[in-house]
Amino acid sequence: MITVGVLGLQGAVREHIHSIERSGHQAVVVKKVEQLNEIDGLILPGGESTTMRRLIDKYAFLEPLRQFGEAGKPIFGTCAGLILLANKITNQEGYHLGLMDMTVTRNAFGRQKESFEATLQIEGVADDYDAVFIRAPYINAVGAGVNVLSTYQGAIVAAEEGPFLCASFHPELTKDDRLVQYFIKKIEESKKHLQVKA
Ligand code: GLN
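- If you look the protein up in an unreviewed UniProt entry, it shows as Pyridoxal 5'-phosphate synthase subunit PdxT from Streptohalobacillus salinus.
- The Subunit (unreviewed entry) field of the UniProt record for the protein holds the comment "In the presence of PdxS, forms a dodecamer of heterodimers. Only shows activity in the heterodimer."
- Listed in UniProt under the heading Pathway (unreviewed entry), the comment for the protein reads: "Cofactor biosynthesis; pyridoxal 5'-phosphate biosynthesis."

Okay, structure coming up:
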């Protein structure tokens with residue numbers, strides 16, 4: 001049995017919980033650091049990355065989240081969650097978790113495109129994935145260890161690096177659970193791998 005946590009400090013938390021449950025797995029809202037010990041993988045939801053960071057600091061989540069990732073546990077960052085995972089943010093000093101080797105730009109699609117939908121090809125996931133973008137970031141550049149999974153108009157909008165997965169859009173806002181299922185597969189693989197190591 002796989003248990004997937006959703007960081008529940010701010011943002012689109014419930015929708016992710018429902019999508020994990022629709023996929024037949026157990027989902028928990030993570031509001032306390034100790035809960036990180038009870039989950040096999042974690043979703044960082046969309047919302048507002050600056051607000052989320054403020055709450056991460058307030059509840060002393062930063063180091064425990066980094067350690068969770070550094071231990072090889074899978075993390076899936078969507079929209080604001082993608083920004084939290086990056087190790088470089090355009091026009092900004094510093095970063096949040098810095099677990100993925102990539103540069104991201106916040107609100108990157110411009111004001112006239114505050115929110116929009118687009119059909120994407122996502123490597124290993126789908127050729128016809130309808131994605132919802134809301135004040136979305138994109139990925140400008142990735143390091144050698146990062147695998148680009150999807151682009152939209154030349155911008156990188158989904159990628160993975162080892163146990164980490166990220167998307168510029170909101171997979172939880174549609175009924176298409178293929179991307180979360182891809183993440184769950186990653187968790188299953190990492191569980192096997194971590195068991196062998198233990
Ligand atoms: N623009 C937001 C940020 O910078 C992200 C938007 C979202 O998560 N929908 O954090």
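From this point, things continue past the structure.
### What to know about the site of the ligand
Then comes step 1: Lining the immediate environment of the ligand, one finds Gly46, Gly47, Glu48, Ser49, Cys79, Ala80, Ile83, Arg106, Asn107, Ile134 and Arg135.
Then comes step 2: For the shell around the ligand, the residue count by class is four nonpolar, four polar and three charged.

### Some thoughts on the pairing of strand E3 (residues 41-44)
Then comes step 1: Side-chain alternation along E3 places Gly41 and Ile43 on one buried face and Leu42 and Leu44 on a second face that is also buried.
Then comes step 2: Bridge count between strand E1 (residues 3-7) and E3: three bridges; the pairing is parallel. When the sheet's bridge partners are listed, glycine 5 is paired in E3 with leucine 42.
Then comes step 3: Note: E3 against strand E4 (residues 75-78), three bridges, orientation parallel. Note that in E4 the partner of leucine 42 across the bridge is isoleucine 75.

### Quick word on helix H1 (residues 13-22)
Then comes step 1: Where H1 is concerned, the buried positions are Val13, His16, Ile17, Ser19 and Ile20. The buried residues of H1 occupy an angular sector of 165° when the element is viewed end-on, so they sit on one face.
Then comes step 2: Residues of H1 that are buried sit in contact with E1, strand E2 (26-30), E3 and helix H5 (178-197).
Then comes step 3: Glycine 24 sits one or two residues past H1 and shows a positive phi near 90°.

### Some details on the environment of isoleucine 134
Then comes step 1: Mapping isoleucine 134 onto the fold places it in strand E8 (residues 126-134).
Then comes step 2: The sequence separation of isoleucine 134 and glycine 110 amounts to 24 residues, and the corresponding C-alpha distance is 11 Å.
Then comes step 3: Ignoring any residue separated from it by four or fewer positions in sequence, one finds isoleucine 134 in contact with Gly46, Cys79, Ser115 and His170.

### What to know about unusual backbone geometry
What you tend to see is this: most non-glycine residues have negative phi, and most peptide bonds are trans.
Then comes step 1: Positive phi values are uncommon outside glycine, yet asparagine 91 reaches one of about 60°.
Then comes step 2: By the element assignment, asparagine 91 lies in the loop between strand E5 (86-89) and strand E6 (100-105).
Then comes step 3: For asparagine 91, a count of 6 C-beta atoms within 10 Å translates into the label exposed.
Then comes step 4: Within the chain, asparagine 107 stands out as a residue other than glycine whose phi angle is a positive 45°.

What counts, and where the lines are drawn
Residue numbers here run from 1 along each chain, matching the order of that chain's written sequence. For a predicted model such as this one, the threshold for reporting local features is a pLDDT of at least 70, and the threshold for listing and counting side-chain atom pairs is 80 or more; totals across whole chains, interfaces and linings nevertheless cover every residue. UniProt positions are given in the numbering used here, feature names are shortened, and annotations may be inferred rather than shown by experiment. Any residue whose C-beta atom, as placed from the backbone, lies within 6 Å of a molecule or strand is termed near it. The classification used treats Ala, Val, Leu, Ile, Met, Phe, Trp, Tyr, Cys and Pro as nonpolar, Asp, Glu, Lys and Arg as charged, and all other residues, Gly among them, as polar. Here exposure depends only on C-beta density: within 10 Å of a residue's C-beta, 20 or more other C-beta atoms make it buried, 12 or fewer make it exposed, and intermediate numbers make it partly exposed, the C-beta atoms being placed from the backbone. Strands are runs of DSSP state E lasting at least 2 residues, helices are runs of H or I lasting at least 4, and numbering of each runs from the N terminus. Strands were regarded as paired on the criterion that DSSP finds at least two bridges between them. When we speak of the arc, we mean the arc of directions from the helix axis to the C-beta atoms. Once C-beta atoms are placed from the backbone, any two residues with those atoms within 7 Å are in contact.

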